[in-house]
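Given next are the chains, with one letter for each unit.
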Amino acid sequence: AETHYHQFVIQATPVKRLCKTQSIITVNGQFPGPTIEARDGDSLVIKVVNSAQYNISLHWHGLRMLRNPWADGPTYVTQCPIRPGGSYTYRFTITNQEGTLWWHAHTDFLRATVYGAFIIYPKLGSSYPFSVPKREATILLGEWFDRDPMLILRQSQFTGAAPNVSVAYTMNGQPGDLYRCSSEDTVRVPVEAGETILLRIISSTLNQELYFSIANHQITVVGTDAAYTKPFTTRVLMIGPGQTINVLVTADQPPGRYYMAASAYHSAMNAPFDNTTTTAILEYKSVSCSKGPSSRPILPVLPAFNDTNTSTAFNAGLRGLSKVRVFNQIDENLYFIVGLGLINCTNPNSPRCQGPNGTRFTASMNNVSLVLPRTTSLMQAYYQGIPGVFTTDFPPVPPVQFNYTGNVPRGLWTPSPGTKLYKLKYGSRVQIVLQDTSIITTEDHPMHLHGFHFFVVGAGFGNFNPATDPANFNFVDPPVRNTVGTPPGGWVAIRFVADNPGIWFMHCHIDSHLSWGLAMAFLVENGVGPSQSVIPPPADLPQC
Ligand code: C2O
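Residue positions within a chain follow its written sequence, with the count starting from 1. Whole-chain, interface and lining totals are the exception, using all residues; otherwise, since this is a predicted model, local features are given only for residues with pLDDT of at least 70 and side-chain atom pairs are given and counted only at 80 or more.

Chemist: Help me get a handle on the pairing of strand β4 (residues 43-50), residues and values and all.
Modeler: Residues Leu44, Ile46, Val48 and Asn50 of β4 are buried on one face, while the alternating residues Ser43, Val45, Lys47 and Val49, pointing to the opposite face, are not. Relative to β4, strand β1 (residues 3-17) is paired through eight bridges, and the arrangement is parallel. Along β4, the bridge assignment pairs Ile10 with Asn50. Strands are treated as partners if at least two bridges between them are detected by DSSP. For helices the rule is a DSSP run of H or I covering at least 4 residues; for strands it is a run of E covering at least 2, with both sets numbered from the N terminus onward. Inspection of the sheet shows β4 paired to strand β6 (residues 87-93) by seven bridges, in the antiparallel sense. Each residue of the ladder has a partner; that of Ile46, found in β6, is Tyr90. Comment: burial labels come from other C-beta atoms within 10 Å of the residue's own C-beta, placed from the backbone, where a count of 20 or more is buried, 12 or fewer is exposed, and between is partly exposed.

See below:
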């Protein structure tokens, strides 16, 4: 195994998109940020130097960080932020993971521009469970805003209003041909006629799920979130913020140029969204140097933004290829309702009260809207035994039972703010059913769990029925993920073993929802002996 050293300098960088130059926060002046490449078993040493004017921390999304929450990164959860002028070195080892992951800022909305790919190749001497393609390409999907993402955050978090929507989607930072002033920089993915390439698709969008398709080409899914899947062939895939999907694409069409395109899958009714389309070009090499007619490549047909059936069918088609078996018995049977809410304001004219009819938007899990500490992080408070920072009474089931996906009485729309964790014994076998609600609107929430990968054993619409639904769970070949969509007006069931001690964030990866409190955290206790305990924090861990 090798150790890879990186230096990431966080800095403001002028970037021109859509005819206009804006200053954005980048790593080393690159947008998207640098790609990290390593093999399973390798170690990483990444020194992050903050030369920007904002607090920041970085998260290595999907890396398990075994016994090492200090390297996980979410601000005020596992560490205090790296202050302007400060630095912190993330040190960690990749343990039994391979595939595609990514990294991003985990402070406020900075991940809008601070993100990059994290590619983990198999150990030397081992290989993919499919024939190794000669060529690979990475497509990072993103969103572009026409103003500072920190202002967008203020819009949603500090004013309680719906956030501004993006003005473009991007592939590897480029909006592509269909936007003004963007054609020349459209990303091109070269292929040779007849060959099969591995495409690593990562969604780093801030607030939006996307449909992705390639004109005239089939795509065969072979991996999700750094876990292999059984090959699954489809025309279109749905990808939520935080997720990655590896696909094989065979260049079996007449040599030419074909658009790969992505546009919104938007399940929240009546909420504004960006309905533009980003493109890159799959370009057969035989045509790339010939002049040829300068006509545009053909566009794939993407589903309508509100086509929930296509999203459901795609997710239902995923089958895992995990060597680890799903356990049958569970020790923790958790049922978490997720959703939005509204807070009535005492002064409806206050600038902090810009939601509908004198309210502000909020969001919660089991009716608790997470409030993070500011004077320390949850993990530092736990490790140092600082009292009064959090409690461990996060409810395992909704505190009030109601028809979650029905016509919810207005009196049940308002969650309570709190800093509540749920404690898990080391090694306990956990099931969580994540249940969407129809409060304000039903919506597909991409729920991300730090520190673990989980099996997605079942999903459905309406309210989860504990008497009948588990009979249909897939214990044979469920897909393994770290981020899963809760179907709009439905539920999804996940299972994992709590074998990673520390404090691990779970939240909606739609950042406006996260900013409204759609989050909780698990406290996984140490097991027996040092091999089942959190390692000591590094000396340079930032203090608040
Ligand atoms: Cu990709 Cu908590 O984040």
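Chemist: So what's going on with the confidence of the model for the chain? Which residues, and what values?
Modeler: The share of residues in the chain with pLDDT of 70 or more is 99%, and the mean pLDDT across the chain is 95. Per the prediction output, this complex has pTM 0.97; the corresponding ipTM is 0.99. The score called pLDDT rates the predictor's confidence residue by residue, from a low of 0 to a high of 100.

Chemist: Report on the domain arrangement of the chain, specifying residues and quantitative values.
Modeler: Interface size, as often reported, equals the accessible area lost upon joining of the parts. Residue ranges for the domains originate in an automatic or database domain assignment. Domain annotation for the chain reports domain 1 (1-126), domain 2 (130-320) and domain 3 (332-532). Contacts between domain 2 and domain 3 engage 32 residues on the former and 30 residues on the latter. Counting only elements with at least two residues in the side of domain 2 that touches domain 3, the list comes to α1 (149-158), β15 (227-234) and α3 (308-317). For the side of domain 2 that touches domain 3, the leading source of residues is α1, giving four residues. Whether two residues are in contact is decided by their C-beta atoms, placed from the backbone, lying within 7 Å.

Chemist: Talk me through unusual backbone geometry; I want residue IDs and the actual numbers.
Modeler: In this model, Phe31 is joined to Pro32 through a cis peptide bond whose omega is -10°. Within the fold, Pro32 resides in the loop between β2 (20-27) and β3 (36-39). A positive phi angle is found at Asn28, which is not glycine, with a value near 55°. Within the secondary structure, Asn28 is located in the loop between β2 and β3. Non-glycine residue Met65 carries a positive phi angle of around 55°. Mapped onto the fold, Met65 is located in the loop between β5 (58-61) and β6. A tally of 25 C-beta atoms within 10 Å means that Met65 is categorised as buried.

Chemist: Tell me what's going on with the sheet that holds strand β9 (residues 135-144), and back it up with residues and numbers.
Modeler: As summarised here, the arrangement of the six strands in space is β10-β9-β12-β17-β14-β15, forming an open sheet in which the pairing is mixed. In this open sheet, the two edge strands, each paired with only one partner strand, are β10 (168-171) and β15. For this sheet the average axis-to-axis angle between neighbouring strands, irrespective of direction, equals 25°. Pairing of β9 with β10 involves four bridges; the strand directions are antiparallel. Whenever a helix is involved, its axis is fitted only over the stretch in contact; in every case the axis is a line through C-alpha atoms, and angles between N-to-C directions fall within 0 to 180 degrees.

Chemist: Help me get a handle on the sheet that holds strand β11 (residues 188-191), residues and values and all.
Modeler: Read from one edge to the other, the open sheet built from five strands follows the order β11-β19-β18-β13-β16, with strand pairing classed as mixed. In this open sheet, the two strands that pair with only one neighbour each are β11 and β16 (236-239). Each strand axis lies, on average, 25° off the axis of its neighbour in the sheet, ignoring direction. The pairing of strand β18 (residues 257-265) with strand β19 (residues 278-284) spans six bridges and is antiparallel. Bridged to Ala262 within β19 is Thr278. Across the sheet, α3 touches β16 and β18, and the angle it forms with β16 is around 90°.

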